[in-house]
Amino acid sequence: MDHPDPKKSVDAGLPDDALVEILSRLPVKALHRSKRVAKGWRDLVDDPLHRSKLPQTLRGFLLLRHEISGRWSQISGSNSGKGCDGGFLDLLPRSVPLQIDPRLTFLTKLPEIQNLTLEDSCNGLLLFEHYPPWELFLEPEYIVCNPIMEQWVAVPTSDSYPVLDSNIYLVFDPAVSPHFHLLQFYSEPCEEDEDEDGIIMVYVYSSETGRWNDSQRDRDKQKEQGELEEWRFRGETPEAFVTAAFVQGMLHVLLSQQQQIVAVDLQGKTRRMIAAPVMMHGKGMWLSGYIFQSQGHLHYILLNSEDEQGHEMSVWVLEDYHTEEWVLKHTVSLLDLFGVVKGRWEYDLVTIHPDCNVVFFHQESKQKLISYNMDSN
């Protein structure tokens, strides 16, 4: 019996190297669509050995009002008479510059747009909250847009689901589906007992169906689901102003105490509770924890210090998702990295590159974006 050559791909016997060379000439979107052709193609594109030869998913950073990071960046609409100061920081070499309007005038010129507040972003899509001019003190509405294509869609509101005092996240994976989801976390008061903590509800919007759905409302039924749903009854909402990560087809968010990560599927059901590394290995005066997706794995970046001068960044990766064992990937002193640190928030962690071991920081005093390659120090 003939055995297949491991160097051969699933496509007409072409060697992997030849197929990678062909795929490297595709645009990013077409490359990710090709992953749906066959499992073999998906594995080929996702293989870390080939990633450096293929188009990168991170094109650059969209700067809004000089803010590089921060979930709550504000954009003034046309009615205020002011535009949005900003720009696009392109990370990829191009013969022709990428055409993108950082002022988002295709949105702000609309008469019904008074202002936009950036809530979240995911794989090239932006989620904005806005108040129509005639409803400034009522509940906000949401818009999801593609700033490169200058396309946008208004998310329908629902009288059943509150949007005030809630955390909302955008989920979009173009390699899997052209549709996006919104997951909104809200603490619903307990009507039976005012002294009891409210239950955390997860409301889910699907652009495919155009409807909002909520997670199980029955408290008793949720309690029957066991330990996975217990966090809902402790009043632990996702940590505000902290990143979330879409990994393994689920949204991962840090709970308010930053010691546990909850994984919620696109139906709003809890699938996994993961102890954060600070809970197992934390030391000193830990400052902030952040979670990201990079190279297909969940990453946890911890900024901590043993004293005011000992700031340190440690990067952990969940290499085996099923065993939930964190591996310390990298540690570096921020003093060694940047020199004198002027205040604990002088260097704000922005994100980690989705395809390689590069971390991005925003320097507050100089308004600069700084990259740090963990492989080359």
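Residues numbered from 1 in each chain as written. Predicted model: local features only at pLDDT ≥ 70, side-chain atom pairs only at ≥ 80, totals over all residues. Heavy atoms only, no water.

Asks: Even after reading the chapter, I still don't get the sheet that holds strand β15 (residues 270–275), so can you show me in this structure?
Replies: Whenever strands of a sheet pair, they do so through backbone hydrogen bonds, lying parallel or antiparallel. Ordered in space as β12-β13-β14-β15, the four strands form an open sheet in which the pairing is antiparallel. The sheet is open, and its two edges are formed by β12 (245–247) and β15, each paired on a single side. Strand-to-strand twist in this sheet, taken as the mean axis angle between neighbours without regard to direction, amounts to 25°. Sheet topology places β12 next to strand β13 (residues 250–254); three bridges connect them, and they run antiparallel. Residue Val247 lies in a different strand from β13, and its bridge partner there is Met250. (Pairing = 2+ DSSP bridges. Helix = DSSP H or I, 4+ residues; strand = E, 2+ residues; numbered from the N terminus. Axes fitted to C-alpha atoms, helices over the stretch in contact; angles between N-to-C directions.)

Asks: What should I look at first to understand the pattern of salt bridges in this one?
Replies: A pair can form between side chains of opposite charge whenever their charged atoms are brought close. All told, the structure shown has two salt bridges when counted by the stated rule. With a closest N to O distance of 2.8 Å, Glu324 and Arg272 form a salt bridge. Separated by 52 residues along the polypeptide, Glu324 in the loop between β18 (311–320) and β19 (325–333) and Arg272 in strand β15 bring together distant segments of the chain. We classify Glu324 as partly exposed; its relative accessible area is 25%. For Arg272, a relative accessible area of 18% translates into the label buried. (Salt bridge = Lys/Arg side-chain N within 4 Å of Asp/Glu carboxyl O. Buried < 20%, exposed > 50% of the residue type's maximum accessible area, 1.4 Å probe, protein only.)

Asks: Can you walk me through the packing of aromatic side chains in this structure?
Replies: To describe a pair of aromatic rings, one takes the distance between the centres and the angle between the planes. Tallied over the full model, the rule gives nine aromatic pairs. Plain terms: the ring middles of Phe185 and Trp231 are 6.3 Å apart, the flat faces sit at 45° to each other, and that makes the pair tilted. Residue Phe185 is located in strand β9 (residues 180–188), and its partner Trp231 is located in the loop between α6 (219–224) and β12; the two are separated by 46 residues in the primary sequence. Classification of Phe185 as buried rests on a relative accessible area of 2%. Seen in terms of ring centroids, Tyr186 and Tyr203 are 6.5 Å apart; in terms of plane orientation they differ by 35°. Their pairing is tilted. Of this pair, Tyr186 sits in strand β9 while Tyr203 is found in strand β10 (residues 199–206), placing the two residues 17 residues apart along the sequence. Pair check on accessibility: Tyr186 and Tyr203 agree, each one buried. Counting every residue linked through ring pairs, the aromatic cluster contains Tyr169, Phe185 and Trp231. (Phe/Tyr/Trp six-rings, centres within 6.5 Å; stacked < 30°, edge-to-face > 60°.)

Asks: How should helix α1 (residues 16–23) be read in this particular structure?
Replies: Three or four residues apart is the spacing at which side chains of an α-helix point the same way, because the helix has 3.6 residues per turn. Every buried residue of α1 is accounted for by Asp16, Leu19, Val20 and Leu23. Along the long axis of α1, the arc covered by the buried residues comes to 100°, so they all point the same way. (Arc of directions from axis to C-beta.)

Asks: Would you mind showing me how to read the sheet that holds strand β22 (residues 368–373) here?
Replies: Taken together, the three strands give an open sheet; going across it, the order is β20-β21-β22, and neighbouring strands pair in antiparallel fashion. Edge positions in the sheet fall to β20 (347–352) and β22, since each has one partner strand and no second. Direction aside, neighbouring strands of the sheet carry axes that sit 30° apart on average. Note: β20 against strand β21 (residues 358–363), five bridges, orientation antiparallel. Counted as the bridge partner of Ile352 is Val359 from β21.

Asks: Explain the nonpolar core here, please?
Replies: Most often, soluble globular proteins have nonpolar side chains that are buried together. Core analysis: the biggest nonpolar cluster contains 34 residues, and Leu298, Tyr300, Met313 and Phe361 have the highest contact counts within it. Ranked by residues supplied to this core, first place goes to strand β17 (residues 297–305) with five residues. Not counting chain neighbours up to four residues away, the residues in contact with Phe361 comprise Met313, Leu334, Leu337, Phe338, Tyr347, Asp348, Leu349, Val350, Lys368, Leu369, Ile370 and Tyr372. Tyr142, Val155, Leu170 and Tyr205 belong to the second largest nonpolar core, which has 18 residues in total. (Core = buried A, V, L, I, M, F, W, Y, C linked by side-chain atoms within 4.5 Å. Contact = heavy atoms within 4.5 Å.)

Asks: It is not clear to me how the confidence of the model for the protein chain should be interpreted in this structure. Could you clarify?
Replies: Segments scoring low in pLDDT should not have their predicted coordinates read at a detailed level. In the predicted model, the protein chain carries a mean pLDDT of 75, and 68% of its residues have values of at least 70. A low-confidence stretch, residues 1–10 (pLDDT under 50), is modelled with 13 contacts involving residues beyond four sequence positions or located in other chains. pLDDT under 50 marks residues 66–84. Its contacts with residues more than four places away, or in other chains, come to 59 contacts. (pLDDT = per-residue confidence, 0-100.)

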